[in-house]
Amino acid sequence: MQTKEYLQALMQNIIKKDPAEKLFHQAASEVLTSLEPILEADPKYIKYAVLDRMVEPERVIYFRVPWNDDKGLTHVNRGFRIQFNSAIGPFKGGIRFHESVTLSSLKFLAFEQTFKNSLTGLPLGGAKGGSDFDPRGKSEGEVMRFCQAFMDELYRHIGERTDVPAGDLGVGAREIGFMFGHYKKITNKFVGVFTGKGPSFGGSLIRPEATGYGVVFFAEEMLKCKSEGIRGKTCIISGTGNVGIHTAEKILQMGGKVVGFNDYDGAVYDKEGLDQEKLAFLKDLVFVKRGSLKEYVKKFKSAEFHPGKKSWFIPCYAAFPTACENELTLEDAKTLVNNGVKIVCEGANMPCTPEAVDLFQSKGVLYAPGKAANAGGVAVSGLEMTQNTIRLSWTREEVETQLKKIMRNIHSACVEEACLYNKPGDYLLGANIAGFKKVADAMIAQGVI
């Protein structure tokens, strides 16, 4: 069977087995298409059915989570943990609490995580988990009781050398603290079974900032290939969550100008750009008050608020999608291209639709997929695991230096693989092949398991 026919048959089989899992189909299709050159060059990957195994998770854990609200009423949510691939290390990946969580969404995230973790160069396998519980609008007591109920089942499936979860959408330091505390009580063990912990009980400095910082470090490496940098560049960001805010913070630190960002309610266009005062207000609004960007334009009169819109209509040099999957469509991509965008660097997982990616690449826009560009979070999670193991805490400067080095190495790996297969500048192909090779070679070495 020819390579193309093999990949088409494999994709058809994936769809046939799980026809409703559209997000997973999209993620698998993107990777399989990119891997055709390496499969052509080295037939061992087909011989040993590496991809046939790689597209199936090692384990899917699905459980109910009953919990009581402040009025004593019982609610039941679904809990998941997708342990996708442990060929190069213990399972590693975040936990997401959001009403949109489904088996399909978590399978796609865990599959992506496998490649992302491989790219960091750290010995970490791929996993993802979560629940359709939404912490927004819940009291702290309700969030705590849910986290404890969630851990009543999950604790038996994780461990510092088995599976090490972290935070994700809807799961921040508060939720990690509640889950870690309950794990410690249940197991009577104080071990590094979670990352993203508070600094006072084993967490790493700059872990909250790591994904956003890493995205900007990756973008800087991309621009260096054009003998440019982020300094002086006009940037827009989608999302004002943890990743979006810290992407903006690092852009400011490196001399860039952030003129647009958005949340659930709409987009802000601030032609004057963020400064330290505005960033501090934004952090307090988002992280403390959990408020709307409508409040930003009340405070800063130079800014415009556009209800129900995303940032993509705002002219920019660099765009950073940091919110959620498929948030940037073909029409959005056309708008960005027409407005002169030169670089799109993903801070979220698969935020650009396939059609948007195709347009960026066809128009010569530098495009970085999330599995490469947003690997900073899991990179610092890996560094947190190291600190937990050796019972030491590194300074902020030490951790940031290591993060910058890892992002530089990821960029180099993407560039090298793309050039090796005669696709210079194709970061998507480079990231997928570089991430695949390490995992695939480990799977072959370990036999059929």
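Please read these numbers as outputs of a predicted model, since none were measured by experiment. Along each chain, residues carry numbers from 1 onward, in the same order as the chain's sequence is written. Residue-level local features of this predicted model are given only where pLDDT is at least 70; pairs of side-chain atoms are given and counted only at 80 or more, and the full residue set underlies all totals for whole chains, interfaces and linings. To obtain the side-chain values, all non-hydrogen atoms of the structure were used and water was disregarded.

(A) Geometry of the overall build of the protein. A run of H or I in DSSP becomes a helix once it reaches four residues, and a run of E becomes a strand once it reaches two; helices and strands are each numbered from the N terminus. Counting secondary structure elements, the protein contains 18 helices and 12 strands. In this treatment the radius of gyration is a C-alpha quantity, and the globule benchmark scales as 2.2 Å times the residue count to the 0.38 power. A globule of 449 residues ought to have a C-alpha radius of gyration of about 22 Å, and the protein, at 21 Å, matches this closely. Counting only C-alpha atoms and orienting by the principal axes, one finds that the protein spans roughly 65 × 55 × 45 Å. Type-normalised accessible area, obtained with a 1.4 Å probe on protein chains alone, sets the label of each residue: buried when under 20%, exposed when over 50%, and partly exposed for intermediate values. When each of the 449 residues of the protein is scored for burial, the buried share is 57%. Sequence separation of at least 24 residues holds for 73% of the intrachain contacts in the protein that already meet a minimum separation of 6. For the accessible areas, the method is Shrake-Rupley and the probe is 1.4 Å, while residue cover comes only from the protein chains on display. Counting every atom, the protein has about 18,500 Å² of accessible surface; 51% of that belongs to carbon and sulfur. Working rule for contacts: check all heavy atoms of both residues, and any pair within 4.5 Å makes them a contact.

(B) Representation of the side chain of glutamate 220 within the structure. If you trace the backbone, glutamate 220 turns up in helix 9 (residues 210-224). The side chain of glutamate 220 is buried and forms no salt bridge, while lysine 224, the nearest opposite charge, is found at 5.6 Å. Not counting chain neighbours up to four residues away, the residues in contact with glutamate 220 comprise Gly229, Ile230 and Met254. Charge convention: Lys and Arg are scored as positive, Asp and Glu as negative, and His as well as the terminal groups of each chain are ignored. For salt bridges, the criterion is a side-chain nitrogen of Lys or Arg within 4 Å of an Asp or Glu carboxyl oxygen.

(C) Representation of the sheet that holds strand 7 (residues 257-262). The rule for pairing is simple: two strands pair if DSSP sees at least two bridges between them. Across the sheet, which stays open at both edges, the seven strands sit in the order 9-8-7-6-10-11-12 with mixed pairing between neighbours. If you trace the sheet from one side to the other, it starts and ends with strand 9 (304-307) and strand 12 (366-368), each paired once. For this sheet, the mean inter-axis angle between neighbouring strands, taken without regard to orientation, is 15°. Relative to strand 9, strand 8 (residues 266-269) runs antiparallel, the two being bridged by four bridges. Its bridge partner lying in strand 9, tyrosine 269 is registered against glutamate 304. Orientation is described by axes fitted as lines to C-alpha atoms, over the contacting stretch for helices, and by angles from 0 to 180 degrees between their N-to-C directions. Where helix 9 meets the sheet, its contacts fall on strand 10 (318-321), strand 11 (343-345) and strand 12, and the angle it forms with strand 11 comes to roughly 150°.

(D) Main features of the nonpolar core. What makes a nonpolar core is a set of buried Ala, Val, Leu, Ile, Met, Phe, Trp, Tyr and Cys residues whose side-chain atoms join them at distances within 4.5 Å. In this structure, Phe218, Tyr296, Phe320, Cys345, Leu403 and Ile410 are the most contacted members of the largest nonpolar core, which totals 60 residues. The element best represented in this core is helix 9, accounting for nine residues. Leave out the neighbours within four places in its chain, and leucine 403 touches Ile206, Ala210, Tyr213, Gly214, Phe217, Gly376, Ala379, Val380 and Leu383. Counting residues in each nonpolar core, the second largest holds 40 residues, with Phe80, Phe108, Ala110 and Val439 among its members.

(E) Seen up close, empty space enclosed by the protein. Definitions used throughout: a 1 Å grid over protein atoms alone; a cavity as a set of points that fits a 1.4 Å probe which cannot get out; a pocket as an open set with protein on both sides within 12 Å along at least five of seven lines; a lining residue as one with an atom within 4 Å of a point. Grid points are joined across faces, edges and corners, and a volume is the space filled by probe spheres set on the points. Under the criterion given, the structure shown has one cavity of 30 Å³ or more. Considering the residues around the largest cavity, the lining is formed by Ile237, Gly239, Thr240, Gly244, Ile245, Ala248, Val258, Phe261, Leu274 and Leu282. The set of elements that each furnish at least two residues to the lining of the largest cavity consists of helix 10 (242-253) and strand 7. Looking at which element gives the most residues to the lining of the largest cavity, the answer is helix 10, with three residues. Of the residues assigned to the lining of the largest cavity, the class counts are seven nonpolar, three polar and no charged. Classification convention: Asp, Glu, Lys, Arg as charged; Ala, Val, Leu, Ile, Met, Phe, Trp, Tyr, Cys, Pro as nonpolar; all other residues, Gly among them, as polar.

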